[in-house]
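Here's the letter readout for the chains.
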Amino acid sequence: MNRKIIISAGHGGNDPGAVANGYTERDLAIEFRELLVKELLLLGVKPLIDDNKNALKQTLAWLTGVLKSDKTVCIDIHWNAASSKARGTEVIVPDNASIFENNFAKNILNVFVSNGFINRGVKPESQTARKRSGWMRPPAENILIEMGFITNLLDINLYQNLKYKLAKELAFVIYKSLI
Ligand SMILES: [Zn+2]
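This structure is a prediction, so every number in the text was calculated from the model and none was measured. (Residues numbered from 1 in each chain as written. Predicted model: local features only at pLDDT ≥ 70, side-chain atom pairs only at ≥ 80, totals over all residues. Heavy atoms only, no water.)

> So, the packing of helix α3 (residues 99-114) against helix α4 (residues 153-178): which residues are in play, and what are the values?
The interhelical angle for the contact between α3 and α4, taken along N-to-C directions, is 160°, at an axis separation of 10 Å. Accordingly, the angle class assigned to the pair α3 and α4 is roughly antiparallel. The hand of the α3/α4 crossing is right-handed. In this structure, α3 contributes Phe100, Phe104, Asn107, Ile108, Val111, Phe112 and Ser114 to the contact, and α4 contributes Leu166, Glu169, Leu170, Val173, Ile174 and Ser177. Looking at the contact of α3 with α4 residue by residue, the class counts come to nine nonpolar, three polar and one charged. (Axes fitted to C-alpha atoms, helices over the stretch in contact; angles between N-to-C directions. Helix = DSSP H or I, 4+ residues; strand = E, 2+ residues; numbered from the N terminus. Parallel < 35°, antiparallel > 145°, perpendicular 65-115°, else oblique. Left-handed = near helix turned anticlockwise from the far one by under 90°. Contact = heavy atoms within 4.5 Å. Nonpolar A, V, L, I, M, F, W, Y, C, P; charged D, E, K, R; others polar.)

Next up, the structure:
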C-alpha cells in the first residue's frame, strides 16, 4: 500500500450530530465506520480511526498529530439533515481538490448510486450549506461522505437493508485507491 488511510465517524461524544427518525448521526456513522474497517481488514488494509468520544474539533486535532504524509487518504462519515423529502448521497471535496480527491470521491459516490441512493454529486465545500469544512484543511487527500439524509426514511431504510454490501463495495474501492 502506497497510501495510508484514516477514517472518522465525524461526530462523537457529546456531539451527536443530527437526530431524526429514532437515529443519531453519530451512532450511524460509528456503525458504518466499524463495518468499513472490518471489510478493509479482510483486504489487508489497517485504517487509523478516530475515538468515538471525539467531536470533530478533537478529531481534527488528533488527525494533525497522526498525519505523516499528504498522500494519506482521510474519510469523514456523516449523514445529511433537511426536510423529510430531501434524499441522496453527496461526497464533499476541497475547493481546490486534487485529481486523486476528485476521482476517489466519484468512485465512492458511484457505489452509493449503484445501490439505489440518489446522486447529489461530488461537491466542492463552498457549494455545501456550511461553505467550509474543517475536514478539508489537513494536508492530505480529504473527502467527506454525506451517506444520505437521516431525515428521510427511504435513505435510512436503504442503508439498513444494504449497509453490509455498501461497506464491502466501498472497502474495495478504497483498497484499490491505496495501491
Ligand atoms: Zn454531520
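From this point, the discussion proceeds with the structure in view.
> Help me get a handle on the sheet that holds strand β4 (residues 48-49), residues and values and all.
Within a beta sheet, neighbouring strands are joined by backbone hydrogen bonds and run either parallel or antiparallel to one another. Spatially, six strands are ordered β4-β1-β5-β8-β6-β7 in an open sheet, and the strand pairing comes out mixed. The open sheet has two edge strands, β4 and β7 (119-124), and neither has a second partner. With seven bridges joining them, strand β5 (residues 73-80) and strand β8 (residues 141-149) adopt parallel strand pairing. When the sheet's bridge partners are listed, isoleucine 77 is paired in β8 with isoleucine 145. The sheet contacts of helix α1 (residues 25-42) involve β1 (5-8), β4, β5 and β8, and relative to β5 the element is tilted by about 140°. Those strands touched by α3 are β5, β6 (89-93), β7 and β8, and its axis lies near 20° from that of β8. (Pairing = 2+ DSSP bridges.)

> A description of the coordination of the zinc ion should follow, citing residues and the corresponding values.
Protein ligation of the zinc ion involves His11 (NE2), Glu25 (OE) and His78 (ND1), the donor distances falling in the range 2.1 Å. When the donors of the zinc ion are listed by position in the chain, the intervening gaps give H-x13-E-x52-H. Taken as a pair, histidine 11 in the loop between β1 and β2 (19-20) and histidine 78 in strand β5 lie far apart in primary sequence, 67 residues in all. Across the pair, exposure class does not vary: histidine 11 and histidine 78 are buried alike. (Donors = N, O, S within 2.8 Å, 3.2 Å for Na, K, Ca; no water. Buried < 20%, exposed > 50% of the residue type's maximum accessible area, 1.4 Å probe, protein only.)

> Could you give an account of the side chain of threonine 59, with specific residues and numbers?
Here threonine 59 is to be found in helix α2 (residues 56-66). Among all residues touching threonine 59, those that are not within four sequence positions of it are Ser8, Gly10, Asp50, Asn54 and Trp135.

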